[in-house]
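# Per-entry structural report
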Amino acid sequence: LFPAIAVNALRSGEHAGSLPQVMMLLADHFDLSERLKSQCLQAFLYPAGVIVLLCVALVYISQVVVPQLQPLLPAAAMDSFLTRSLLAISALIREAWIPVLCAGAGVILLSGGLIRRYPDVGHLVLSRIPVIGQVCRDLDIALCFFDIFVLLRSGISLDAALGEAALSARNMTGKEMVKCRERLSGGYSFSGAMARGGYFPRFVVETIRLGEEMGRYDDYCERVFRWYYRSFEMRINMLAGALQPALLTVCASFVMVMALAFLKPVYANLSQVGMLKP
């Protein structure tokens, strides 16, 4: 029931006689994890809700609105590429919206299962997406160094802390920590092992080098975590702030396309009928 980091940290705290301190560190660790999940959920809940509502509106318009407006369209409206395209899309949705919905749900469930089974693949896909990839990388590095900080403060050796952090991460950062641990056994220092891999920015390498000189790995791992955590918060807020106007633009574009494709020709036709003299 308990993660490996909790078991190992508590075991080291028992041996070192510092269980209260270790308990506080673990409490901070799990509290931080929940806050990070909450921040990510809040950032993407609004876009997800808007996308779902747009899909519902699209199905409703295709099923109800378009069939009522189509008989009112004048013959000249069929010369518009936009009108013909929307009529074709509406017909496709009316005929196949249930299979498409089932297929979409199947793809989502299958993707979720594959990500849970092969987390490296899902993480690799996310890391390739602009902005989102950088957010994920900042979060991974922050959590990895926070794990190392907690384990070092608990009295675990650096080699064991890197191994436990790598097992906890299970992503690109975790794989790089495994390589760093192998380089440590080959005679490299921690900062030298990170510089050798080229995965971590120079800022991280120099910060850990200072920790080596001061003999305070734990404090400087915490500094790396704090910096990347602030970077993650800034990026996630920027992403959420950019998504909201982008989705509003999509909604406005959707309404404008409907107006240009259907309402404008229908209104023009009714205006001509109103101007006819007996």
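Attention in this report is confined to the structure presented alongside it. (Residues numbered from 1 in each chain as written. Predicted model: local features only at pLDDT ≥ 70, side-chain atom pairs only at ≥ 80, totals over all residues. Heavy atoms only, no water.)

This brings us to the packing of aromatic side chains. Going through the model one piece at a time under the given rule, you end up with 9 aromatic pairs. Ring geometry for Phe146 against Phe225: centres 4.5 Å apart, planes inclined by 40°, an arrangement best described as tilted. With a gap of 79 residues between them, Phe146 in helix 5 (residues 132-153) and Phe225 in helix 10 (residues 217-275) connect regions that are remote in the sequence. On the basis of an interplanar angle of 40° and a centroid distance of 4.7 Å, the ring pair of Phe203 and Trp227 is categorised as tilted. Linking Phe203 in helix 9 (residues 202-214) with Trp227 in helix 10, this pair joins segments that are 24 residues apart in sequence. By relative accessible area, Phe203 is classed as partly exposed at 33%. (Phe/Tyr/Trp six-rings, centres within 6.5 Å; stacked < 30°, edge-to-face > 60°. Helix = DSSP H or I, 4+ residues; strand = E, 2+ residues; numbered from the N terminus. Buried < 20%, exposed > 50% of the residue type's maximum accessible area, 1.4 Å probe, protein only.)

A few words on the layout of surface pockets. Considered as a void within the structure, the second largest pocket measures approximately 350 Å³ in volume. Element by element, the count of residues in the lining of the second largest pocket is highest for helix 3 (residues 81-117), at 9 residues. In terms of residue class, the lining of the second largest pocket is built from 11 nonpolar, 1 polar and no charged. (1 Å grid on protein atoms, 1.4 Å probe; cavity = no way out; pocket = protein on both sides within 12 Å on 5 of 7 lines; lining within 4 Å. Points joined across faces, edges and corners; volume = space filled by probe spheres on them. Nonpolar A, V, L, I, M, F, W, Y, C, P; charged D, E, K, R; others polar.)

What follows is about the pattern of salt bridges. Working definition: two side chains of opposite charge can pair if their charged atoms are close together. Using the criterion set out here, one finds 8 salt bridges in the structure. When the shortest N-O distance is used, the salt bridge between Arg181 and Asp159 registers 3.2 Å. Taken as a pair, Arg181 in helix 7 (residues 172-185) and Asp159 in helix 6 (residues 158-169) lie far apart in primary sequence, 22 residues in all. Residue class for Arg181 comes out partly exposed when judged on its relative accessible area of 33%. (Salt bridge = Lys/Arg side-chain N within 4 Å of Asp/Glu carboxyl O.)

All right, on to the packing of helix 8 (residues 190-197) against helix 9 then. Relative orientation of the contacting elements helix 8 and helix 9 amounts to 165°, with a least axis distance of 8 Å. In terms of axis orientation, helix 8 runs roughly antiparallel to helix 9. The handedness of the crossing between helix 8 and helix 9 comes out as left-handed. Between helix 8 and helix 9, the residues in contact are Phe190, Ser191, Met194 and Ala195 and Val204, Val205, Ile208, Arg209 and Glu212, respectively. Looking at the contact of helix 8 with helix 9 residue by residue, the classes come out as 6 nonpolar, 1 polar and 2 charged. (Axes fitted to C-alpha atoms, helices over the stretch in contact; angles between N-to-C directions. Parallel < 35°, antiparallel > 145°, perpendicular 65-115°, else oblique. Left-handed = near helix turned anticlockwise from the far one by under 90°. Contact = heavy atoms within 4.5 Å.)

Before going further, it helps to spend a moment on helix 9. In an α-helix, one turn spans 3.6 residues, which is why side chains three or four residues apart end up on the same side. The end-to-end C-alpha distance of helix 9 is 18 Å, a good match for the 18 Å that 13 residues give at a rise of 1.5 Å each. Taken together, the buried positions of helix 9 are occupied by Val204, Val205, Thr207, Ile208 and Gly211. The arc that holds every buried residue of helix 9, seen down its axis, measures 165°, which confines them to one face. Exposed side of helix 9, more than 90 degrees from the buried face: Arg202 and Glu213 are the residues found there. (Expected span 1.5 Å × (residues − 1). Arc of directions from axis to C-beta.)

Moving on to helix 2 (residues 19-69). The first and last C-alpha atoms of helix 2 sit 72 Å apart over 51 residues, in line with the 75 Å expected at 1.5 Å per residue. The principal kink in helix 2, of about 45°, is found at Ile61. (Bend = angle between axes of the 7 residues up to and from the residue.)

Looking at where Leu45 falls in the secondary structure, it is placed in helix 2. The class of Leu45 is exposed, set by a relative accessible area of 57%. Remark: the alpha-carbon pair of Leu45 and Ala240, spanning 195 residues in sequence, is separated by 9.7 Å.

Right, let's get into the nonpolar core. Counting residues in hydrophobic clusters, the biggest one holds 45 residues, and the most contacted among them are Phe145, Ile148, Met177, Phe190, Met194 and Phe200. If near-sequence neighbours (up to four positions away) are discounted, Phe145 is found in contact with Met177, Phe190, Met194, Phe200, Val204, Ile208, Cys221, Val224 and Phe225. Of all hydrophobic cores here, the second largest spans 9 residues; its members include Ile61, Leu69, Leu87 and Phe262. (Core = buried A, V, L, I, M, F, W, Y, C linked by side-chain atoms within 4.5 Å.)

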